[in-house]
Amino acid sequence: MKPFQYMRPTDTPAAIRVKGKEAGAYFLAGGTNLVDLMKMGVVAPEKLVDINRLPLRGIEVVGGGLRIGALATNSEVADHPYVLEHYPLLSMAINAGASPQLRNMATTGGNLLQRTRCSYFFDPTMPCNKRVPGSGCGAIDGINRMHAIFGASEKCIAVNPSDMSVALRALDAVVRVSGPAGERSIAMEDFHRLPGEQPELDNTLQKGELITAVELPAPVFTKNVHYLKIRDRTSYAFALVSVAAALDLDGSRGIRGVRLAMGGVAHKPWRLGAAEEFLKGKTVTEDNFRQAAQIAMQGAKGYSYNQFKLRMAPNAILQALKTAAAIV
Ligand code: SF4
């Protein structure tokens, strides 16, 4: 590992100042992704700005919604009584990710920023446009079993590995950031990006910006929710396909509201807007769910080793909706 400088500021403006000024500076929080990348030689920071002493760990009910500090650990969020009662989908998604040990270290902000697990990205001897822009993509004609079926480009077909982000996308979360130009909010929809011509950029953060919190709107989907994650091992594996499903049902099983998002299928958490539109106002039936799953797959495209996702994904959507609605 290349030698690096280390600093541990105690206030947020100081941390942002350093990161904004020095191109080789990286924020360090839980370190569960960044330290791996350093050990593998994928990234080589010149300076680590350890933000663990910044006052960004609180989880508070604010104005009917919830504000989760960027340094709140995944375990703290998933086990928080208010999250369990009012945002159970978020708790389920977090607990589907990683291992208990990692969830105890990994932070909310870090989870949003974790890099793809594409094996070519992690191997500095292989071409990868995300790691070295312009070097090519090893996965497009290589082993692409884990890769995208939506929104990919000729430059990159990687997927975002986060489970938490899929639930946050379904719940219309907002990311609060602070940077050299001040504070701003970014809707989850706009936070992660598709690879396009610049796969090296995972998100829309500007230089020096720090995630300070994630905010959730007032809870609606408190009961009929499910996070289904399909993976190679039940414990500790990234999603082949995952689905966050949330239903707001009336007394006659009519669908007042619905949210659907997928993980393991795109460079960003993939919201299934057309399927949501189809289901709104309909009633809970297996046939309606099956049609919604087919609508959700419009525009999907597989590669040599991940064609199976084209069948797995609609089945996962159907199953997640059925479980959320408690029909068998
Ligand atoms: Fe790199 Fe993306 Fe290609 Fe993977 S899919 S090798 S991350 S460019």
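In case you missed it, the structure is sitting above this.
Residues numbered from 1 in each chain as written. Predicted model: local features only at pLDDT ≥ 70, side-chain atom pairs only at ≥ 80, totals over all residues. Heavy atoms only, no water.

## Digging into the overall build of the protein
- Helix and strand counts for the protein come out as 12 helices and 12 strands.
- Taken against the 2.2 N^0.38 rule, which gives 20 Å for 328 residues, the C-alpha radius of gyration of the protein at 20 Å falls within 12% of a compact globule.
- Put simply, the protein has 328 residues, and 55% of those count as buried.
- By sequence separation, contacts in the protein at least 24 residues apart represent 63% of the contacts at least 6 residues apart.
- For the protein, the computed accessible surface area is about 14300 Å², with 52% contributed by carbon and sulfur atoms.
- Put simply, the protein has 38 plus and 29 minus side-chain charges, and the middle of one group is 3 Å from the middle of the other. (Helix = DSSP H or I, 4+ residues; strand = E, 2+ residues; numbered from the N terminus. Rg over C-alpha atoms; globule rule 2.2 N^0.38 Å. Buried < 20%, exposed > 50% of the residue type's maximum accessible area, 1.4 Å probe, protein only. Contact = heavy atoms within 4.5 Å. Areas by Shrake-Rupley, 256 points an atom, 1.4 Å probe, with all protein chains shown as cover. Lys, Arg positive; Asp, Glu negative; His and termini not counted. Charge placed at Lys NZ, Arg CZ, Asp CG, Glu CD.)

## Notes on a nonpolar patch on the surface
- The grouping of Met1, Phe4 and Tyr6 at the surface amounts to a nonpolar patch, some 330 Å² of accessible area in total.
- Examined against the element boundaries, tyrosine 6 turns out to sit in strand β1 (residues 5–7).
- Of the residues examined, tyrosine 6 reaches a relative accessible area of 43% and is grouped as partly exposed. (Patch = residues over 30% accessible without salt bridge, like charges linked within 9 Å, V, L, I, M, F, W, Y side chains within 5 Å. Salt bridge = Lys/Arg side-chain N within 4 Å of Asp/Glu carboxyl O.)

## Considerations on the site of the ligand
- Lining the immediate surroundings of the ligand are 16 residues, of which Cys118, Cys128, Cys137, Cys156 and Ile157 lie closest.
- Of the pockets mapped on this structure, the ligand occupies the largest cavity.
- Among the residues forming the shell around the ligand, the class breakdown is 10 nonpolar, four polar and two charged. (Near = heavy atom within 4 Å. 1 Å grid on protein atoms, 1.4 Å probe; cavity = no way out; pocket = protein on both sides within 12 Å on 5 of 7 lines; lining within 4 Å. Sits in = over half its atoms within 2 Å of the grid points. Nonpolar A, V, L, I, M, F, W, Y, C, P; charged D, E, K, R; others polar.)

## Points about the pattern of salt bridges
- Enumeration according to the criterion identifies 17 salt bridges in this entry.
- Glutamate 76 serves as the salt-bridge partner of arginine 57, at 2.6 Å between the closest nitrogen and oxygen. Of this pair, arginine 57 sits in the loop between β3 (47–50) and β4 (59–62) while glutamate 76 sits in helix α3 (residues 74–78), and the two are 19 residues apart along the sequence.
- The exposure class of glutamate 76 is partly exposed, given its relative accessible area of 31%.
- When the shortest N-O distance is used, the salt bridge between glutamate 215 and arginine 67 registers 2.7 Å.

## Some thoughts on the packing of aromatic side chains
- Counted according to the given criterion, the structure contains three aromatic pairs.
- Ring geometry for tyrosine 82 and tyrosine 87: centres 6.3 Å apart, planes at 50°, overall tilted.
- Geometry around phenylalanine 278 places lysine 282 over its ring, the cationic atom sitting 4.1 Å from the centre. (Phe/Tyr/Trp six-rings, centres within 6.5 Å; stacked < 30°, edge-to-face > 60°. Lys NZ or Arg CZ within 6 Å of the ring centre and 35° of its normal.)

## Concerning empty space enclosed by the protein
- Tallied over the full model, the rule gives two cavities of 30 Å³ or more.
- Put simply, the largest cavity is a space of about 90 Å³.
- Around the largest cavity, the lining comprises 16 residues; the ones closest to its centre are Cys118, Cys128, Cys137, Cys156 and Ala158.
- Across the lining of the largest cavity, the residue classes tally to nine nonpolar, five polar and two charged.
- Estimates place the volume of the second largest cavity at around 70 Å³. (Points joined across faces, edges and corners; volume = space filled by probe spheres on them.)

## Overview of the sheet that holds β1
- Spatially, three strands are ordered β1-β3-β2 in an open sheet, and the strand pairing comes out parallel. Taken across any chain shown, the strands that pair with only one partner, and hence form the sheet edges, are β1 and β2 (25–28). Going across the sheet, the axis of each strand differs from the next one's by a mean of 25°, ignoring polarity.
- Contacts from helix α1 (residues 12–21) reach β1, β2 and β3 within the one sheet, and its direction differs from that of β2 by about 145°. (Pairing = 2+ DSSP bridges. Axes fitted to C-alpha atoms, helices over the stretch in contact; angles between N-to-C directions.)

## Observations regarding the layout of surface pockets
- Considering only enclosed or pocket space, the second largest pocket measures out at about 280 Å³ in volume.
- What lines the second largest pocket is a set of 21 residues, among which Arg117, Cys118, Met146, Val159 and Phe238 lie closest to the centre.
- For the lining of the second largest pocket, the class distribution of residues is 10 nonpolar, eight polar and three charged.

## Re the packing of helix α11 (residues 286–296) against helix α12 (residues 309–325)
- Between α11 and α12, whose axes approach to 8 Å, the crossing angle comes to 140°. Between α11 and α12 lies a crossing whose hand is right-handed. Contacts between α11 and α12 involve Glu286, Phe289, Arg290, Ala293, Gln294 and Ala296 from the former and Pro314, Ile317, Leu318, Leu321, Lys322 and Ala325 from the latter. (Left-handed = near helix turned anticlockwise from the far one by under 90°.)

## Things to note about unusual backbone geometry
- In this structure, tyrosine 236 is a non-glycine residue whose phi angle is positive, near 55°.
- Structurally, tyrosine 236 is set in the loop between β9 (224–230) and β10 (241–249).
- A positive phi angle is found at arginine 253, which is not glycine, with a value near 65°.
- Along the chain, arginine 253 turns up in the loop between β10 and β11 (255–263).

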